[in-house]
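Examining the three-dimensional arrangement
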Amino acid sequence: MSQPEDNLLKKVIAHCKEYGYVFPSSEIYDGLSATYDYGQYGVELKNHLKHYWWESMVRMNENIVGIDAAIFMHPTTWKASGHVDAFNDPLIDNKDSKKRYRADQLIEEYVAKIENKINKEETKAAKRFGDAFDAEQFRATNPRVLKYQEQIDTINQRLKEAIEQGDLEGLKALIEELGIADPVSGSRNWTDVRQFNLMFATELGSLAGDSNKIFLRPETAQGIFVNFLNVQKTGRMRIPFGIAQIGKAFRNEIIARQFIFRMREFEQMEMQFFVKPGEELDWYQAWKEKRMKWHRALGLGGENYRFHDHLNLAHYANAACDIEYKFPMGFKELEGIHSRTDFDLKAHEQYSGKKLQFFDPAEDKSYVPYVIETSIGLDRLFLAMLCHAYTEETLDDGSQRVVLKIPAPLAPVKAAILPLVNKDGLPEKAQEVFDQLKYHFLCQIDFKDAIGRRYRRQDAIGTPFGITIDHQTMEDDTVTLRDRDSMKQERVPVHSLVETLREKCALQSLLQQL
Ligand code: ATP
């Protein structure tokens, strides 16, 4: 349903907490900023999302295998990857509000405001011209829009140059020239811009000191690169092939907000695809399309996705884009797809002194493969799913319900078994049905309260099916199966429940769309 977007995020956060999806971490001590715990339903949804990703990579592609590398890695890994020297965010403080911001993000938000003005002009004109309106032509010719667009292009160009050259003074000058004010206090009293490394460090063993300093990995990718040869050799993999991994990553984000969208400890699902040099841009294109298809199969609304091609390429990339999703706070990055060239493997060769190459029998020579990376944040995917699933409805009898319309294959609890009354052998029958289903699906039995309230509780956690045991069940061994979304009920024999639910909850229905 449509509602003010800000409200939606607030409602989702409250709902997650109330219904056991996501809790603030160590809440009894007032929480730890940007750190969250997944509750009893959250962990189930997260596991199903991981499973969908894993199966789509490792099971559906003969040439992709998975690994699970350690979070701690040899510190030289992060020298080679460039993270020690360059995994920095430019930060700026407001002297009055004492708030800290990412300088590049302040500028990007300013640009987004100008983009909004263009969108408004377009909406106004579309209303005025009706069916005859041609948005493309309007954007190409309207003087006001052209002026805005020129402003955007100039700012983006200066931002790009400043970032590429590490020109911190240039960033500050841009903020001042644009008159960007602190969004909280309105003050323009800024400090200089400084670089801030995002890696968390700790010490190995009992000796403190720089030589024992190790990092919590800021991305899972490097665990894949350092294992490239291990996997290639033991798995007898031939180019092109991929290595997939799901795991935690840690970043000391300067501003961590927007719930689980930006956390300091989060989970990534990454796949590095090794290809022959020269073929990388074709593979990049192919993975862009494959990944978009994967997202769309989730049913979160095709119009809610878009590609954002990068203008500012990271030092290791020769092409890059994000798949953005329309979160309640606007279109934001959900997944990154990068053509990483041979940067990582070459750097690890150089720092380790070991060859990380593939002998190509067809070419009769060895080379360092090029890499296409697909990297998605599991927590962001979780948030996208919940924001889309959260629905408030007014029913025919005027009552209200909140329902999480999570696709059945991903829903935490698949079925709730509900005896209509707590007597006449119905609870025992419910237990019997539960014992039959528990080998196949996560189910719940709920005896408490009127049936309507029990349905509401299951709707709120997104259980796709309600199985009601009534007096007729005792006579003919059938139950009613209630569909969460349509609320329609059908009578189903107990002996066919497993088959019916299996069909409706099969992950296959998503995988077959890929
Ligand atoms: P952003 O620009 O939003 O900081 P990024 O470009 O640094 O993200 P990548 O390094 O490409 O992100 O990481 C790949 C994916 O990991 C992102 O698309 C995102 O889904 C996820 N991710 C990155 N940082 C965070 C974070 N702090 N919290 C949650 N997820 C994150």
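Residues numbered from 1 in each chain as written. Predicted model: local features only at pLDDT ≥ 70, side-chain atom pairs only at ≥ 80, totals over all residues. Heavy atoms only, no water.

1. So, the overall build of the protein chain
A tally of helices and strands in the protein chain yields 18 helices and 23 strands. For the protein chain, the C-alpha radius of gyration of 26 Å lies close to 24 Å, the compact-globule estimate for 514 residues. Taken along the three principal axes of its C-alpha coordinates, the protein chain extends 80 × 65 × 55 Å. Counting over 514 residues, the protein chain shows a buried share of 49%. Partitioning the intrachain contacts of the protein chain with sequence separation of at least 6 by distance along the chain shows that 66% fall at a separation of at least 24. One finds the centroid of the 68 positive side-chain charges in the protein chain at a distance of 2 Å from the centroid of its 78 negative side-chain charges. (Helix = DSSP H or I, 4+ residues; strand = E, 2+ residues; numbered from the N terminus. Rg over C-alpha atoms; globule rule 2.2 N^0.38 Å. Buried < 20%, exposed > 50% of the residue type's maximum accessible area, 1.4 Å probe, protein only. Contact = heavy atoms within 4.5 Å. Lys, Arg positive; Asp, Glu negative; His and termini not counted. Charge placed at Lys NZ, Arg CZ, Asp CG, Glu CD.)

2. Quick word on the sheet that holds strand E22 (residues 478-483)
Either a parallel or an antiparallel arrangement is found when strands of a sheet pair, and the pairing is made through backbone hydrogen bonds. Spatially, E20-E19-E21-E22-E23 is the arrangement adopted by the 5 strands of the open sheet, whose pairing is mixed. Looking at strand neighbours, the two that pair on one side only are strand E20 (443-445) and strand E23 (489-493), the edges of this open sheet. Each adjacent strand pair in this sheet contributes to an overall mean axis angle of 25°, direction not counted. Strand contacts of helix H14 (residues 426-437): strand E19 (415-419), E20 and strand E21 (465-469), with the helix running at about 160° to E19, the strand carrying the most contacts. Sitting on the sheet, helix H15 (residues 451-461) is in contact with E19, E20, E21, E22 and E23, with an inclination near 170° to E19. (Pairing = 2+ DSSP bridges. Axes fitted to C-alpha atoms, helices over the stretch in contact; angles between N-to-C directions.)

3. Some details on the sheet that holds strand E11 (residues 305-309)
The strand order across the open sheet formed by 7 strands is E3-E9-E10-E16-E13-E12-E11, and the pairing between neighbours is mixed. Edge positions in the sheet fall to strand E3 (64-67) and E11, since each of these pairs with one other strand and no more. Neighbour to neighbour, the strand axes of the sheet diverge by 25° on average, direction disregarded. Note that strand E9 (residues 241-250) and strand E10 (residues 265-275) share 10 bridges and pair antiparallel. Paired with Gly-247 across the strands is Gln-268, a residue of E10. Lying on the sheet, helix H2 (residues 42-59) is in contact with E3, E9, E10 and strand E16 (370-377); it crosses E9 at an angle near 160°. Across the face of the sheet, helix H11 (residues 280-296) comes into contact with E3, E10, E11, strand E12 (319-327), strand E13 (330-341) and E16 while running at roughly 150° to E13.

4. Section: the nonpolar core
Tyr-21, Leu-298, Ile-406 and Leu-410 are the most contacted members of the largest nonpolar core, which has 63 residues in total. Sort the elements by how many residues they give to this core and helix H13 (residues 378-389) lands first, with 9 residues. Split by domain, this core shows at least three residues from each of two domains, domain 1 (41-84 + 198-390) and domain 3 (395-511). Of all hydrophobic cores here, the second largest spans 24 residues; its members include Phe-133, Ile-152, Ile-175 and Val-193. (Core = buried A, V, L, I, M, F, W, Y, C linked by side-chain atoms within 4.5 Å. Domains from an automatic or database assignment.)

5. Here's the deal with the domain arrangement of the protein chain
Interface size, as often reported, equals the accessible area lost upon joining of the parts. Looking at the protein chain, the domain boundaries give domain 1 (41-84 + 198-390), domain 2 (88-195) and domain 3 (395-511). Between domain 1 and domain 3, the contact holds 17 residues from the first and 18 residues from the second. Carbon and sulfur atoms supply 78% of the area buried between domain 1 and domain 3, which totals about 1,400 Å² over both sides. The interface formed by domain 1 and domain 3 holds 0 salt bridges in total. If you list the elements that add at least two residues to the side of domain 1 that touches domain 3, you get H2 and H13. Here the element with the most residues in the side of domain 1 that touches domain 3 is H2; it accounts for 9 residues. In the side of domain 1 that touches domain 3, the residues fall into 11 nonpolar, 3 polar and 3 charged. (Buried area = accessible area lost by both parts, 1.4 Å probe. Salt bridge = Lys/Arg side-chain N within 4 Å of Asp/Glu carboxyl O. Nonpolar A, V, L, I, M, F, W, Y, C, P; charged D, E, K, R; others polar.)

6. Overview of the site of the ligand
Neighbouring the ligand are 15 residues, the closest being Glu-253, Arg-262, Met-263, Glu-333 and Leu-334. Arg-262 places a side-chain nitrogen or oxygen 2.8 Å from an oxygen atom of the ligand. Within the side chain of Arg-380, an N or O atom sits 3.1 Å from an oxygen atom of the ligand. Starting from 590 Å² of accessible surface for the ligand in isolation, the protein chains cover 85%. For the shell around the ligand, the secondary structure elements donating two or more residues are E10, E13 and E16. When residues of the shell around the ligand are assigned to their parent elements, the largest contribution, 5 residues, is made by E13. Tallied by class, residues from the shell around the ligand come to 4 nonpolar, 5 polar and 6 charged. (Near = heavy atom within 4 Å. Polar contact = N/O pair within 3.5 Å; in protein donor to acceptor, adjacent residues only side chain to side chain. Areas by Shrake-Rupley, 256 points an atom, 1.4 Å probe, with all protein chains shown as cover.)

7. With respect to the packing of aromatic side chains
In this structure the tally under the stated criterion is 20 aromatic pairs. Ring centres of Trp-53 and Trp-54 lie 6.4 Å apart, and the angle between their planes is 50°; this geometry places the pair in the tilted category. Seen from their ring centres, Phe-228 and Phe-241 are 5.9 Å apart, and the 15° between their planes marks the pair as stacked. Within this pair, whereas Phe-228 is found in helix H10 (residues 228-234), its partner Phe-241 is found in strand E9, the two being separated by 13 residues in sequence. For the pair shown, Phe-228 and Phe-241 are each scored as buried. Members of the aromatic cluster, joined through ring pairs, are Tyr-21, Tyr-38, Tyr-41 and Phe-382. (Phe/Tyr/Trp six-rings, centres within 6.5 Å; stacked < 30°, edge-to-face > 60°.)

8. Details of the state of the cysteines
The full count for this structure, using the stated rule, is 0 disulfides. Considering cysteine sulfurs only, Cys-443 is the nearest to Cys-505, which forms no disulfide, with 8.7 Å between them. (Disulfide = S-S within 2.5 Å.)

9. Description of helix H7 (residues 143-164)
Here H7 spans 31 Å end to end across 22 residues, near enough to the 32 Å set by a 1.5 Å rise per residue. Restricting attention to buried positions, one finds in H7 the residues Val-145, Tyr-148, Ile-152, Ile-155, Leu-159 and Ala-162. Around the axis of H7, the buried residues are gathered within 125° of arc, so they sit on the same side. Seen from the open side of H7, the exposed residues pointing more than 90 degrees away from its buried face are Pro-143 and Glu-150. Against the buried residues of H7 lie helix H5 (103-129), helix H6 (135-141) and helix H8 (168-177). Two or three places before Arg-144, at the opening of H7, Asn-142 has a side-chain oxygen 3.0 Å from that residue's backbone nitrogen. Two residues or fewer past H7, Gly-166 is found with a positive phi of approximately 60°. (Expected span 1.5 Å × (residues − 1). Arc of directions from axis to C-beta.)

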